[in-house]
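A look at the structure
For reference, the chains in residue letters:
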Amino acid sequence: MRRVGHRKKYKKWAGVLLVLLLILGGVSTPFRQFMALPAEMRLFTGNPKELHLTLPASATVSIANPDVLAVNGARQNPVRVNLSQPLMLMSKQLGQTQLTLRLFGKVPLKRMMVRVLPEIRVIPGGQSIGVKLASDGVLVVGHHLVGSTRPSPGEKADIRVGDYIVEMDGEPVNEVNQVARMVEKAGEEKRSLKTVIRRGHHRKTVSLQPELDRKENAFRIGLYVRDSAAGVGTLTFFDPGRGVYGALGHVITDMDTRQPIQVGGGKVVHSNVTSIEKGQTGDPGEKRAIFFRENQVLGSISRNTQFGIFGKMDQNPTSGLYEKAIPVGLSEEVKEGPAEILTVVEGQKVERYSIEIVHRIHQKFPATKGMIIKVTDPRLLKKTGGIVQGMSGSPIIQQGKLVGAVTHVFVNDPASGYGTYIEWMLKDAGVLEKTGLHDEARFFIKNSCNRKFQRVRKE
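The structure displayed is predicted, hence computed values, not measured ones.

Within the chain, the regular secondary structure consists of 6 helices and 33 strands. When the accessible surface of the chain is split by element, carbon and sulfur atoms take 52% of a total near 22,800 Å².

Quick look at the pattern of salt bridges now. Taken as a whole and assessed by the stated rule, the structure comprises 21 salt bridges. For Arg-42, the salt bridge identified is with Glu-423, shortest N-O distance 2.9 Å. Of the two residues, Arg-42 is situated in strand β1 (residues 40-44) and Glu-423 in helix α6 (residues 422-429); the sequence distance between them amounts to 381 residues. Across the pair, exposure class does not vary: Arg-42 and Glu-423 are buried alike. The network of salt bridges with common partners includes Asp-158, Arg-160, Asp-163, Arg-199 and Lys-204.

With that settled, consider the confidence of the model for the chain. Across the chain, the average pLDDT comes to 84, with 86% of residues at or above 70. The low-confidence segment residues 14-24 (pLDDT under 50) makes 0 contacts with residues lying over four places distant or belonging to another chain. Taken as a whole, residues 434-448 scores under 50 in pLDDT and shows 47 contacts with residues more than four places along the chain or in a different chain.

A word on the nonpolar core. Grouped together as the largest cluster of nonpolar side chains are 73 residues, with contacts concentrated most on Phe-237, Ile-309, Ile-396 and Leu-426. Among the elements that take part in this core, strand β17 (residues 223-239) stands out by supplying 6 residues, more than any other. Sequence-distant contacts of Leu-426, defined by excluding residues within four places in its chain, comprise Ile-120, Val-122, Phe-237, Val-328, Val-431 and Leu-432.

A word on the sheet that holds strand β7 (residues 95-103). In a beta sheet, neighbouring strands are held together by backbone hydrogen bonds and run either parallel or antiparallel to one another. Taken in spatial order, the 5 strands line up as β1-β8-β7-β3-β5 in an open sheet, and their pairing is mixed. Strand pairing shows two members of the sheet lacking a second neighbour, β1 and β5 (79-82), which therefore form its edges. Between one strand and the next, the sheet's axes are offset by a mean angle of 30°, whatever the strand orientation. Of the pairings in the sheet, the one linking strand β3 (residues 58-63) to β5 comprises 4 bridges and is antiparallel in character.

The subject of this paragraph is the pairing of β7. With 5 bridges joining them, β3 and β7 adopt antiparallel strand pairing. Residue pairing for β7: Thr-60 is matched across the bridge by Arg-102. In the sheet, β7 pairs with strand β8 (residues 107-117) via 9 bridges, with the strands oriented antiparallel. Bridging across to β8, Thr-97 finds its partner in Val-114. What sits between β7 and β8 in their antiparallel hairpin is a turn of 3 residues, with Phe-104 showing a positive phi close to 55°.

Before going further, it helps to examine helix α4 (residues 176-188). Taking 1.5 Å of rise per residue, the 13 residues of α4 would be expected to cover 18 Å, and the 19 Å separating its terminal C-alpha atoms lies within 8% of that figure. By the burial criterion, the buried members of α4 are Val-176, Gln-178, Val-179, Ala-180, Met-182, Val-183, Ala-186 and Gly-187. Looking one or two residues past α4, Lys-190 carries a phi angle of roughly 55°, positive in sign.

Turning our attention to the sheet that holds strand β25 (residues 337-344). Spatially, 6 strands are ordered β25-β26-β27-β30-β29-β28 in a closed barrel, and the strand pairing comes out antiparallel. Strand after strand, the sheet turns through a mean of 45° between neighbouring axes, direction not considered. Bridging between β25 and strand β28 (residues 395-398) involves 2 bridges; their strand directions are antiparallel. Following the sheet pairing, Glu-340 is matched in β28 by Ile-397. Across the sheet, α6 is in contact with β29 (401-410) and β30 (413-421); its angle to β30 comes to roughly 50°.

The rules we used
- Residues numbered from 1 in each chain as written.
- Predicted model: local features only at pLDDT ≥ 70, side-chain atom pairs only at ≥ 80, totals over all residues.
- Heavy atoms only, no water.
- Helix = DSSP H or I, 4+ residues; strand = E, 2+ residues; numbered from the N terminus.
- Areas by Shrake-Rupley, 256 points an atom, 1.4 Å probe, with all protein chains shown as cover.
- Salt bridge = Lys/Arg side-chain N within 4 Å of Asp/Glu carboxyl O.
- Buried < 20%, exposed > 50% of the residue type's maximum accessible area, 1.4 Å probe, protein only.
- pLDDT = per-residue confidence, 0-100.
- Contact = heavy atoms within 4.5 Å.
- Core = buried A, V, L, I, M, F, W, Y, C linked by side-chain atoms within 4.5 Å.
- Pairing = 2+ DSSP bridges.
- Axes fitted to C-alpha atoms, helices over the stretch in contact; angles between N-to-C directions.
- Expected span 1.5 Å × (residues − 1).

Here it is in structure tokens:
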């Protein structure tokens, strides 16, 4: 009986000791470092990566495909390592392989998939640019009465706000002037227009009957339509090898429909910052800029995505700080701490300004708000109050790598805002594959750092 009591007492204390060890291990630095190791790691060709475990133990590291990856510069496989020292991983060629870490050479401790990607270098921007975006079709942004007739011709034809008019009487439609001419002609001929609209991903054919507005003595269809947008933003990067660029860091949407504008073409031109409306709590402020040398097109616009606008560009625009390409940093390489942004606050002069990356968000899939940033540079705070509209797209540089772009400002704290990881912009640009305007109405993205202008016409 006494032996049974001793055994129970021993098991009890052993259990208590085990729990204490687990608790101490859970709060220890080595344990946290080990738990922070990802199941998948990405490296650029030729770039080293250090793993820190600081465990007082020996282990072996085996690589399924030694042609892709080397550990501590060793040629043999597996490699004996001391976990109290950093492990140096060196990518050798493109591909992927599995890394297995065994404690004392026997106990499997961690398995990790390592992918080696081709190195990417681009030229950071920061230049202020003018954006002229043409929609793919004519966008319907509202309805209006024709005289006192209700409903209007557009409503009768079930044409809704957010629809795109893409064809009339078999003719492609891209400009509001085309619509005006065709409506007037059909009205004079007293016939309806066979009209094709695009709603989301679907097309629909409707019959649209123009009606005479006696007050204006013109035929109308009761629709407000728009075919283009224009405004200013910031160039994020230029890839000289592929001749492509990325800018803005966020999608251009329509104020009335709140939908992304579907691209039917467009161009990027020179822009000159004339003044700054300083940001303050409740009002993020803005850059005031004008287009100039509009005949000197910097680039085309082929895509408008949640991460900005993208297209072709023949050469790096002048007035930038970089003439040669620099490495880009993947999202997992971004660290909380000091960084800098490149942007223009006067004329065309690109300058560096200090910021702090105060929080980074782990993202496995593309999402716009990847990091929270805060302006710390006293010069920029004095001039702008922090982040202002028109600053979106400003490149974020950390430790010599392009890691992201400014996207949004916090309305209640103009010194702070969001940034997006550069890899999502590179993906939309096709670089990173698997592997003052009168008579124009302004629209803007809520809390974003860009202000845009659009022309609305009544038809």
